[in-house]
Amino acid sequence: MLTGFSIRQAEQADAVFLGDMLVEAANWRAGGVRPRHEVLTSDDHRRYIAGWKRSADDGLVAIDSDGIPIGASWFRMLPQNEPGFGFVAVSVPELIVGVHPLWRARGVGRMLLRGVVQLAGAHGHARISLSVERDNFARSLYRSEGFTVSAQGLLRDTMVRRTG
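Below you will find a few notes about this structure. Because the structure is predicted, anything quoted here is derived from the model rather than measured. (Residues numbered from 1 in each chain as written. Predicted model: local features only at pLDDT ≥ 70, side-chain atom pairs only at ≥ 80, totals over all residues. Heavy atoms only, no water.)

1. Quick look at helix α1 (residues 15-26)
Then, number 1: Across its 12 residues, α1 extends 16 Å between first and last C-alpha, which sits within 8% of the 16 Å expected from 1.5 Å per residue.
Then, number 2: Every buried residue belonging to α1 is among F17, L18, G19, M21, L22, V23 and A26, and all of these are buried.
Then, number 3: On its buried face, α1 sits against α2 (36-41), α3 (43-46), β2 (58-64), β3 (69-76) and β4 (94-99). (Helix = DSSP H or I, 4+ residues; strand = E, 2+ residues; numbered from the N terminus. Expected span 1.5 Å × (residues − 1). Buried < 20%, exposed > 50% of the residue type's maximum accessible area, 1.4 Å probe, protein only. Contact = heavy atoms within 4.5 Å.)

Quick look at the structure:
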């Protein structure tokens, strides 16, 4: 399950690929595909990649055996006046995970998630958060990795996990 890929630290040059993975994360539902430009220019999503890589940003990129990026997970600190979907507090970074569809259910998302939680802890963050729609299959992954619901919305929940 965990073969054929490796993980490396995200760099500033990965901004376009992170945008691709943000689009994948936003379009997780089959048949509900929104165009890339629509996702990346929306106020709700743009905040997750605009100006990447700021000093408080960090993340990981999964690459296949040929060095081609196949997935990414990263976190950002978002201000209270421009919170993300999974905003908890200004001291809690919000994470995003996206995996190319051909690589889903092969352990890539789990490895990226585990790695970015550790990375956030190494940056001194005690907790990390995310937002997930209730019918998203990734919800079970987040629960299995120790995330718990901290706030319920109409269709999506905010989940939080301690990093240590």
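Back to the write-up after that little detour.
2. A few points about the pairing of strand β5 (residues 127-133)
Then, number 1: Among the 7 residues that make up β5, 6 are buried, leaving the element largely enclosed by the rest of the structure.
Then, number 2: Sheet topology note: the β5/strand β7 (residues 156-162) ladder contains 7 bridges and is antiparallel. When the bridges of β7 are listed, S131 appears paired with T158. (Pairing = 2+ DSSP bridges.)

3. Observations regarding the pattern of salt bridges
Then, number 1: This model, assessed by the stated rule, comprises 12 salt bridges.
Then, number 2: The closest approach of N and O atoms between D20 and R36, which form a salt bridge, is 2.6 Å. Linking D20 in helix α1 with R36 in helix α2, this pair joins segments that are 16 residues apart in sequence.
Then, number 3: With relative accessibility at 27%, the residue D20 sits in the partly exposed group.
Then, number 4: Among the residues examined, R36 registers a relative accessible area of 35% and is labelled partly exposed. (Salt bridge = Lys/Arg side-chain N within 4 Å of Asp/Glu carboxyl O.)

4. Focus on the side chain of R76
Then, number 1: With respect to the helices, strands and loops of the structure, R76 is situated in strand β3.
Then, number 2: Residue class for R76 comes out buried when judged on its relative accessible area of 0%.
Then, number 3: Polar contacts involving the side chain of R76 include one to the main-chain carbonyl oxygen of A50, which spans 2.8 Å.
Then, number 4: Non-local contacts of R76, meaning those with residues more than four positions away in its chain, are made with R47, Y48, I49, A50, G51, W52, R54, D57, P93 and E94. (Polar contact = N/O pair within 3.5 Å; in protein donor to acceptor, adjacent residues only side chain to side chain.)

5. Notes on the packing of aromatic side chains
Then, number 1: Per the stated rule, a full pass over the model turns up 3 aromatic pairs.
Then, number 2: Aromatic pair F5 and W103: ring centres 6.2 Å apart, planes at 80°, arrangement edge-to-face. In this pair, F5 is assigned in strand β1 (residues 5-9) and W103 in the loop between β4 and α4 (108-122), connecting sequence segments 98 residues apart.
Then, number 3: Overall, F5 belongs to the buried group, its relative accessible area being 14%.
Then, number 4: Residue W103 is classed as buried on the basis of its relative accessible area of 13%.
Then, number 5: The interplanar angle of 25° and the centroid separation of 6.5 Å between the aromatic rings of Y48 and F85 together place this pair among those described as stacked. Of this pair, Y48 sits in the loop between α3 and β2 while F85 sits in the loop between β3 and β4, and the two are 37 residues apart along the sequence.
Then, number 6: Cation over ring: R106 sits above W103, and NZ or CZ is 4.0 Å from the ring centre. (Phe/Tyr/Trp six-rings, centres within 6.5 Å; stacked < 30°, edge-to-face > 60°. Lys NZ or Arg CZ within 6 Å of the ring centre and 35° of its normal.)

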